[in-house]
Every structure is written in structure tokens, then in C-alpha cells.
Amino acid sequence: MTSASDLSDRTTIVVGASRGLGRGIATALAEAGAPVIAVARTASPIVELANRTGTIQPEVADASDATVAGSLIDRYEPQVVILVAGASPLIRPLQHQTWETFSVNWQTDVRIGFHWVREALLKPLRRGSRVVVISSGAALAGSPLSGGYAGAKATQRFITAYARDEAKRAELDITFTAVLPRITPLTDLGRPAVQAYATRSGQTVEEYLQQFGEPLTPEVAGAALVELVRADVAGVGPSYLLTGAGLQALP
Ligand SMILES: NC(=O)c1ccc[n+]([C@@H]2O[C@H](COP(=O)([O-])OP(=O)(O)OC[C@H]3O[C@@H](n4cnc5c(N)ncnc54)[C@H](OP(=O)(O)O)[C@@H]3O)[C@@H](O)[C@H]2O)c1
């Protein structure tokens, strides 16, 4: 991907910035010079992040609330929106899920994707804007111990593709991209999942992780998103796998 380097005029909202991949992404974009609005429900970690990094502004909000996307997009008029927030699925086999636990990622991840992507199209965001939705590699491979997680993340990818098409049809010049991270033990969400999938396959965590190569860190995720946001629109595809080695375009 060829790139335009200056991000100082690219106001960026990172939804789900208090920990894990979102914190790495917010930090990397701020360090690359972007003014960053860091959104999460818990105040202390995003306030602490803002105190450490001058160009980060904390916003305490539930991103799945139907009014939050519209009000934050109106207030900040971002040119980049990155949706990272998601719920931790209950790690159990199908027959040990209830409908409520099975559908938790539909009520959070899909709901957040739906509200924010819709608002980005409706406003619409300024020409040249980018919207990145963090889906999951599980959308490709399934996640048999995570209830409806894989289906929810696949739906986020569909929503992103639908929006990309709607933006093109209406000549909005807004680029929608889905990023599918590979499972990593380095976040609160990934750690119990890795442990459970390792146990199920009769392996240690270390043995299980060997198939994936270098683990995805929040810092690698941050560098990858900086690269994606800086990339010339003409070279940005609809979706990418994100591993410890960085981004890989998906067909
Ligand atoms: N870790 C993995 O192995 C992996 C693999 C593939 C895909 N992913 C995806 O990558 C994303 C980030 O995962 P992660 O592992 O970094 O998760 P994480 O460590 O649990 O962090 C989730 C972040 O989302 C925020 N959040 C959750 N619900 C929110 C809401 N309703 N409104 C605002 N913020 C909310 C959390 O902050 P608050 O709780 O303070 O709101 C937190 O900042 C998720 O969409 C996940 O599905 C993760």
C-alpha cells in the first residue's frame, strides 16, 4: 500500500480504546500525529491514556447505545472511525450456551457496527473519510466454543461490505474496510479463548499457538491500522486478515 503520511488533520474516533487491540490502535494513531477520540465505557483507562498521550481525548460512552454514534460523529466530525469494541463471548460448547449467552456478540459487536456504519453513511462523513470495522479471523474459520461470536463477526464484515457498496453507489468517497484479527492471547478477550481451544485440542497454550506464528500484539495492530489509514484509497481493499506479521488482503 502506498501512503500519505500526515495524519494531523485526520480526527480519528477509536471505539473500544481502553484496553487490548483498541488501546494499541489509539496509541499508535496518536503517536503518528492524529487527534484521537478514545471511546470506552470505563473512564479511568482512557483518562490515563489521554494524560499520557497529548493528542488523545477520552469519551466515556456505551457505543452500542443508539444515540452515541450520531452525537459523537456530529460533535467531532471525524475523518477516520475505527470500531474495535466488542463483548467477550462466554467460552462454552454450543449445548452449554443459552440464547442470551449465544447472542451476546450480536447485541454488542453487531449492534455497534450497525449504528456507527449507518450514521457514517447518513451524515455522511466528509469526503475522503475512512471507516474500519474490526471483525475477527473467526468469521472465516468459525469459533465452536464461543457461541454466536463467529457469526456476529461475519455479519460485521457483511455490514462493512454493504456500506462500502452504498458509499460507492452514492459517490460519497468514504472507504469502508473490515479487518479480521487472528486470535491472540495478549488481550482480556483472547486469553480465555486461547486457553479453552488449547485444552479442547489436548495441547498446551504454547503448542496451540504454534500454528499461528508470531502472536498479534496491540502494538502490531496499532502499526497495521496506521498503515491502513495512511494508505492511498485506490489501494485499500474491502477486507484484511491481521496477524502478528501485519495485514494481508483477503479476496
Ligand atoms: N483478542 C483476540 O484474540 C481477537 C481476535 C479477533 C478479533 N478480535 C476483536 O477485536 C476487538 C478487540 O478485542 P480485544 O481482544 O482487544 O478486546 P478487549 O481487550 O476485551 O477490549 C475491548 C474494548 O472494547 C471496549 N468496549 C466493549 N464494549 C463497549 C461498548 N459497548 N461501548 C464502548 N466500548 C466498549 C472495552 O472498554 P470498556 O469495557 O471500558 O467499555 C475495551 O476497550 C473485538 O471486536 C474482538 O472481537 C479480538
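Look up a bit, the structure's there.
Residues numbered from 1 in each chain as written. Predicted model: local features only at pLDDT ≥ 70, side-chain atom pairs only at ≥ 80, totals over all residues.

Caption draft 1: Here's a closer look at the site of the ligand. The environment of the ligand is made up of 32 residues, and the closest members are Gly16, Gly20, Gly86, Thr187 and Gly190. Per-class residue counts for the shell around the ligand are 13 nonpolar, 14 polar and 5 charged. (Near = placed C-beta within 6 Å. Nonpolar A, V, L, I, M, F, W, Y, C, P; charged D, E, K, R; others polar.)

Caption draft 2: Up close: the pairing of strand E1 (residues 12-15). Residue alternation in E1 divides its side chains into two sets, Thr12 and Val14 and Ile13 and Val15, and both sets are buried. Of the strand pairs in this sheet, E1 and strand E2 (residues 36-40) are connected by 4 bridges, and their pairing is parallel. The residue bridging valine 14 from the neighbouring strand is alanine 38, located in E2. Between the parallel elements E1 and E2, the chain passes through helix H1 (residues 20-31) in a crossover that is right-handed. One ladder, built from 4 bridges, connects E1 with strand E4 (residues 80-83); its direction is parallel. Looking across to E4, one finds that isoleucine 13 is bridged to valine 81. (Buried ≥ 20, exposed ≤ 12 C-beta atoms within 10 Å, placed from the backbone. Helix = DSSP H or I, 4+ residues; strand = E, 2+ residues; numbered from the N terminus. Pairing = 2+ DSSP bridges. Right-handed = clockwise from strand over helix to strand, strands pointing away.)

Caption draft 3: Main features of the environment of serine 239. Mapped onto the elements of the fold, serine 239 is located in strand E7 (residues 239-243). Serine 239 gets classed as buried once you count the C-beta atoms within 10 Å, which come to 20. Serine 239 sits 13 residues away from valine 226 along the chain, and the two C-alpha atoms are 15 Å apart. The contacts of serine 239, once residues within four sequence positions are left out, are Arg157, Thr177, Ala178, Leu180 and Leu250. (Contact = placed C-beta atoms within 7 Å.)

Without other data, these values stay purely geometric and don't point to any function.
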